[in-house]
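Listed below are the residues making up each chain.
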Amino acid sequence: MQGVSENYYIEVSISQDKLSASVKVKPVSDNEDHELSLSDLLDAVKNAGVVSGIMEDILYKISEKPESDKWVVFARGVAPSHGKDGSVDFHFSTDGTIANLKEDASGRVNIRDMNLIQNVSSHDCLCTLVPPGQGKEGISVKGEKIAAKPGLPARLPSGKGVQESDDGTSLVASIDGMVQWDGEKVNVDPSYVVDKVDASTGNIRFNGSVIVNGEVGDGYEIHAQDDVTIAMSIGKVIIEAGGNVTITGGVLGQSKGEIHARGDVHVKFIQEASVEARGTVEVEDYVLNSRVSSAGPLVVKNSSGWIAGSTVSSETWIYAHTIGIEHAQIDTTLIVGHNPMLLEEGKNLKDTVIERLKGFLKLRSSLLKLRKVRNDYELSQQQEQLYKKILAAIDSIRNELEKTDEKIQKITARIDSAYEGSIYIGGIVNEGTKIIIGHTDKAVTNIMTATHFFVSEGILIDDPFEITDEIKGYLNE
Amino acid sequence: MSRWTPERLYDAVSMGVPVEGKDLSGLNLKGMDLGGANLRGSDLTKANLTGTNLEESHLERVKLAGVFFKDTNLCNADISETTLEDLDLSTCTMTGIKARKTQFIRVSIFLRDLKGSTLSGAIMMHCVFNDVDFSDSQMEQMNIIFCSIKGCRMDRCNLQNTNLSLCRMKDSHFNHCEISGGSLMASTGNNIEITESNIEGMDLTLCRIQGLDITKSTYKKVVQEETRIKDLKK
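Residues numbered from 1 in each chain as written. Chains lettered and ligands numbered in written order. Predicted model: local features only at pLDDT ≥ 70, side-chain atom pairs only at ≥ 80, totals over all residues.

Asks: Lay out the sheet that holds strand E7 (residues 125-130) of chain A in plain terms, naming residues and giving numbers.
Replies: Residue and element names in this part refer to chain A. One open sheet accounts for four strands, arranged E5-E7-E11-E10; its pairing is antiparallel. Pairing within the sheet leaves two strands with one partner each, and these edge strands are strand E5 (87-90) and strand E10 (162-164). Strand-to-strand twist in this sheet, taken as the mean axis angle between neighbours without regard to direction, amounts to 20°. Looking at chain direction, E5 and E7 are connected through four bridges and run antiparallel. Considered in E7, the bridge of Ser87 is made with Val130. (Pairing = 2+ DSSP bridges. Helix = DSSP H or I, 4+ residues; strand = E, 2+ residues; numbered from the N terminus. Axes fitted to C-alpha atoms, helices over the stretch in contact; angles between N-to-C directions.)

Asks: Provide a residue-level description of the pairing of strand E4 (residues 103-110) of chain B, including the pertinent values.
Replies: Residue and element names in this part refer to chain B. In the sheet, strand E3 (residues 83-88) pairs with E4 via five bridges, with the strands oriented parallel. Its bridge partner being in E4, Glu85 is matched across the sheet by Ile105. Relative to strand E5 (residues 123-125), E4 is paired through three bridges, and the arrangement is parallel. Residue Ile105 lies in a different strand from E5, and its bridge partner there is Met125. Both E4 and strand E6 (residues 128-130) contribute to a ladder of three bridges, which runs parallel. Bridge assignment links Ile109 to a residue of E6, and that residue is Phe129.

Asks: So what about the interface of chain B and chain A? Which residues, and what values?
Replies: You'll often see interface size given as the accessible area lost when the parts meet. With 17 residues of chain B at the interface, the matching set in chain A holds 13 residues. Elements represented by at least two residues in the side of chain B that touches chain A include exactly strand E1 (48-50), strand E2 (68-70) and E4 of chain B. Per-class residue counts for the side of chain B that touches chain A are nine nonpolar, four polar and four charged. (Contact = placed C-beta atoms within 7 Å. Nonpolar A, V, L, I, M, F, W, Y, C, P; charged D, E, K, R; others polar.)

Asks: Could you give an account of the sheet that holds strand E6 (residues 119-120) of chain A, with specific residues and numbers?
Replies: Residues and elements named next belong to chain A. Pairing is antiparallel in the open sheet, where three strands are placed in the order E6-E12-E13. Each of the sheet's edge strands pairs with one partner strand only, and the pair in question is E6 and strand E13 (186-189). Pairing of strand E12 (residues 177-181) with E13 involves four bridges; the strand directions are antiparallel. In the sheet register, Val179 faces E13, and the bridge partner there is Val188.

Asks: Summarise unusual backbone geometry; cite the residues concerned and give the values.
Replies: Even without being a glycine, His123(A) presents a positive backbone phi close to 80°. Assignment of secondary structure puts His123(A) in the loop between E6 and E7. Look at His123(A) and you get exposed, because 12 C-beta atoms sit within 10 Å. One non-glycine residue, Asp136(B), adopts positive backbone phi at about 60°. Residue placement: Asp136(B) occurs in the loop between E6 and strand E7 (143-145). Judged by the 17 C-beta atoms lying within 10 Å of it, Asp136(B) falls in the partly exposed class. (Buried ≥ 20, exposed ≤ 12 C-beta atoms within 10 Å, placed from the backbone.)

Dropping the structure here:
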């Protein structure tokens, strides 16, 4: 756009994107004394349609000292801010190789607890879509709006064990398990499979099933919400499973190995270990110097399988070929009818009650003595305080005893309701064996053979052993 | 001397021979008639006394740990200075039993007649007595502590200076009793009758009772500290 004042040609140019405007002036004649007025400049700008972003100070300078034939930017518009592309916000660590050491309540860190597994539950939100930005519109030097370009939307990753939320904005776990990001997909796996458990994996805490194809290092722990399967023997290892525990090898616990299963336990042998199962315990070969308890049957399956130097208990029945070791007088206790840990807990509570009652009698005696003093003379302030404290202590003992008695009653009811089952020994019961069924017991002082122990009318009976279909169902034969 | 057998014991008792201080542990005395036997100080640990007749027998200071009592006749038997622990005696007959200074720990007795018993100086801890009739019994100087006493009768009993502390009582009767100097310290109760009794000097400290009838009882010097009694009938 070109204009002309009295003494100058005034040329205004608007950039192609309309975000800047420039002006160029040129004298009409060579006379250097010609003046350029600001109003002439402004008129030229207005005639060119520039209304926004005008820098009047620049126009003023041009009018003061016009430079011939030079383009000077005097107005700038506002460029539009384009929207950001959408993205995916992950709610778990996408780098699964970083250990996440945690302090316990006392501030200690167990370096075996590396927490490499990221457990998720069904319906847990794994990642959410961050929507694209819409951007912000700009304005040209002509005062026109310049539209912003919105960002491109992102897409949720796919994977196994996951599903999109109903509104399509997030990815949730469709199963319990371990979440992993492989760079393209989010997968939730209900099983955690490792070649070994050692310093590279740390302790395993997983809310699915754990499969270990190799060794589990001494001192390590596996805690699984479902099953634990180990392809080799284990040592000083703690295993806790919400389901079954299957160990292809045996357990050489060195007095520190522990297995706790809410389901069944299947193992080749148990030596110097503690095994507890809410289901059945099936041992292939032997149980030695261990403590084993099960709510279901406890079976040593091998035709020459044995139990020695151990305390084993079942709430239903026990079967093994041999108990104890000949001429070794090794103490072996077989318990059926109740969980010995429950019995022990009940006994401890009962002992607590008696101790508390003895304590009460002492308090009562002190109270009566103080009362006698009070009746005869007068209690000192200190004695008066002591008197009140004793009263409060007695009241506290009463409340505590009520609670303890409630617990005892619950345990007693559970013990009394337990099935008075059987102990089946297909081969030899050696000296040193103690049989406990329900509330009855028997110490074996002479070798017995092929015996079925059970309780009838409150008396522990030992009859000749005859294999039952129930036992046959477990045996390898 | 060879070990005692059930047959040998039976023969001795039949002949009236005292079997004092002998090892009778683990013997199966099921259904045996040992009425009037003198077994003082013997060891009956883990003996089976199912259906055994021990009426009027002398079992003072006998070791009774793990003894199996079922349908055992203990009428007028003397089990003084013994310890009964973790036992349910609900199938035994025990009228007139003598149990001076006997310790009853976690013993349960349901629906039994213990009328005319002698329990003086006995200790009962953490026991359960349901619908047991102790009427006309000598129960003075006893410590009955933290016991559950429901539907029991202790009419015409001598409970002088007996300590019934921390007990849980319900629907029980102590009528025409001598309970002077007794204590119900920190006990709780519901619907308790102590009528026409001497309760002079009784200690009701920290006692909580809903429904207490002490009609015609001698109500003197009764100690009530932090006692809560609702529906008191005098």
